[in-house]
Amino acid sequence: LIQGTLRYAYKIDRMAGGDKEKGEGAIFAAAIVPRVHHCNAADGNMIMKHMKIGALSTSFSSVKSAFEKNYQCMNITCEEVGGLWNKAENKYYADAGPCSAGGTSAATGGTTIEEKEKLPGWAIGVIVAVSVVVALCGAVLCFVIFKEMKSGEATFGKLREGRDAQVNQNQPKPQGVGNTA
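Numbers given to residues run from 1 along each chain, matching the order in which its sequence is written. The predicted nature of this model means local features are confined to residues of pLDDT at least 70 and side-chain atom pairs, given and counted, to a pLDDT of 80 or more, with totals for whole chains, interfaces and linings taken over all residues. The side-chain values count all of the structure's non-hydrogen atoms but skip hydrogen atoms and water molecules.

Below, the discussion takes up the packing of aromatic side chains. Stacked, tilted and edge-to-face pairs are distinguished by plane angle, under 30 degrees for stacked and over 60 for edge-to-face with tilted covering the rest, among Phe, Tyr and Trp rings (Trp via its six-membered ring) whose centres lie within 6.5 Å. Throughout the structure, instances matching the rule amount to 4 aromatic pairs. A ring pair is formed by Tyr8 and Phe28, whose centres lie 5.9 Å apart and whose planes are at 20 degrees; its orientation type is stacked. Here Tyr8 is found in helix H1 (residues 2-14), whereas its partner Phe28 is found in helix H2 (residues 19-39), with 20 residues between them in sequence. When accessible area is computed with a 1.4 Å probe and restricted to protein chains, residues below 20% of their type maximum are described as buried, those above 50% as exposed, and intermediate ones as partly exposed. In this structure Tyr8 comes out as buried when scored by relative accessible area, which is 6%. You can call Phe28 partly exposed: its relative accessible area is 29%. To qualify as a helix, a DSSP run of H or I must reach at least 4 residues; to qualify as a strand, a run of E must reach at least 2; elements of each kind are numbered from the N terminus.

Here is the structure:
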């Protein structure tokens, strides 16, 4: 998402990109800006100011700088983002190479957040156990349905008939009916 936003910011600013580039750039930016905004609201606003539909101007260097200040907070590196490569010239576009290792967040006072959204081991175990139980119940249900379809008789109907017959056998027969005593 960052690479896409930077690509279209470059095309709009440095290559006179048209409505297609502006629209695609706005979509990429809209997808990543909430994460940047979480780290630094001003940088998130800066990116949207330059990339939104109807932006008055787009500055590639402002967008790139706003992202780079927040790489550390977003737990990514300059190497992961890379730069904008000009295949025809076999080099990076002017001013679009990867930033220096570690981003610029340390030099510009970017904030660092800790990742707290990881599930503990026991939660993963519970999820796996519940998934296995649900899968087994589904398999048993499929087996019962298949058996009913093959035999043409309801499986649970047989259980009920068997229970009713057992109840009838245990009840005493009325006097005078069927007794020869």
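Axis definition: a line fitted to C-alpha atoms, over the contacting stretch in the case of helices. Angles run 0 to 180 degrees between N-to-C directions. Contact pair helix H3 (residues 41-51) / helix H4 (residues 60-68): the axes reach a minimum separation of 9 Å and the direction vectors enclose 155 degrees. Taken together, the axes of H3 and H4 lie roughly antiparallel to each other. Where H3 crosses over H4, the handedness of that crossing is left-handed. The segment H3 lies against H4, with Asp43, Met46, Ile47, His50 and Met51 engaging Ser62, Val63, Ala66 and Phe67. Residue composition of the contact of H3 with H4, by class: 6 nonpolar, 2 polar and 1 charged. Throughout this description, any angle smaller than 35 degrees is read as roughly parallel, any larger than 145 degrees as roughly antiparallel, any in the 65 to 115 degree range as roughly perpendicular, and the remainder as oblique. For any helix crossing, the convention is left-handed if the near helix is rotated counterclockwise from the far helix by under a right angle, and right-handed if that rotation is clockwise. Here, two residues are considered to be in contact whenever any of their heavy atoms come within 4.5 Å of each other. Under the convention adopted here, Pro, Cys and the residues Ala, Val, Leu, Ile, Met, Phe, Trp and Tyr are nonpolar, Asp, Glu, Lys and Arg are charged, and Gly plus all remaining residues are polar.

On the surface, a cluster of nonpolar side chains totalling about 440 Å² of accessible area is made up of Trp122, Val126, Val130 and Val134. When you line up the elements, Trp122 lands in helix H7 (residues 121-151). For Trp122, a relative accessible area of 65% puts it in the exposed group. Exposure above 30% relative accessible area and the lack of any salt bridge qualify a residue for a patch; like charges then connect within 9 Å, and the nonpolar side chains Val, Leu, Ile, Met, Phe, Trp and Tyr within 5 Å. Areas reported here follow the Shrake-Rupley algorithm with a probe of radius 1.4 Å; residue values treat only the protein chains shown as occluding. The working definition used for a salt bridge is a side-chain nitrogen of Lys or Arg within 4 Å of a carboxyl oxygen of Asp or Glu.

The criterion for a disulfide is a pair of cysteine sulfur atoms lying within 2.5 Å. All told, the structure shown has 2 disulfides when counted by the stated rule. The partner cysteine of Cys39 in its disulfide is Cys73, sulfur to sulfur 2.1 Å. Because the torsion about its S-S bond is -85 degrees, the bridge between Cys39 and Cys73 counts as left-handed. Remark: Cys73 occurs in the loop between H4 and helix H5 (78-81) and Cys39 occurs in helix H2; sequence separation between them is 34 residues. Looking at Cys39, the relative accessible area reads 10%, which means it is buried. Classification of Cys73 by relative accessible area gives buried; the value is 4%. Here Cys78 connects covalently by a disulfide to Cys99, the sulfurs 1.7 Å from one another. The sign of the S-S torsion, about -95 degrees, decides the handedness of the disulfide formed by Cys78 and Cys99: left-handed. You can see Cys78 sitting in helix H5 and its partner Cys99 sitting in the loop between strand S2 (91-92) and helix H6 (105-108), a full 21 residues away along the chain. In this pair, the class of Cys78 matches that of Cys99, namely buried. Each bonded cysteine of the chain gets a number by its place in the sequence, and the pairs then read 1-2, 3-4.

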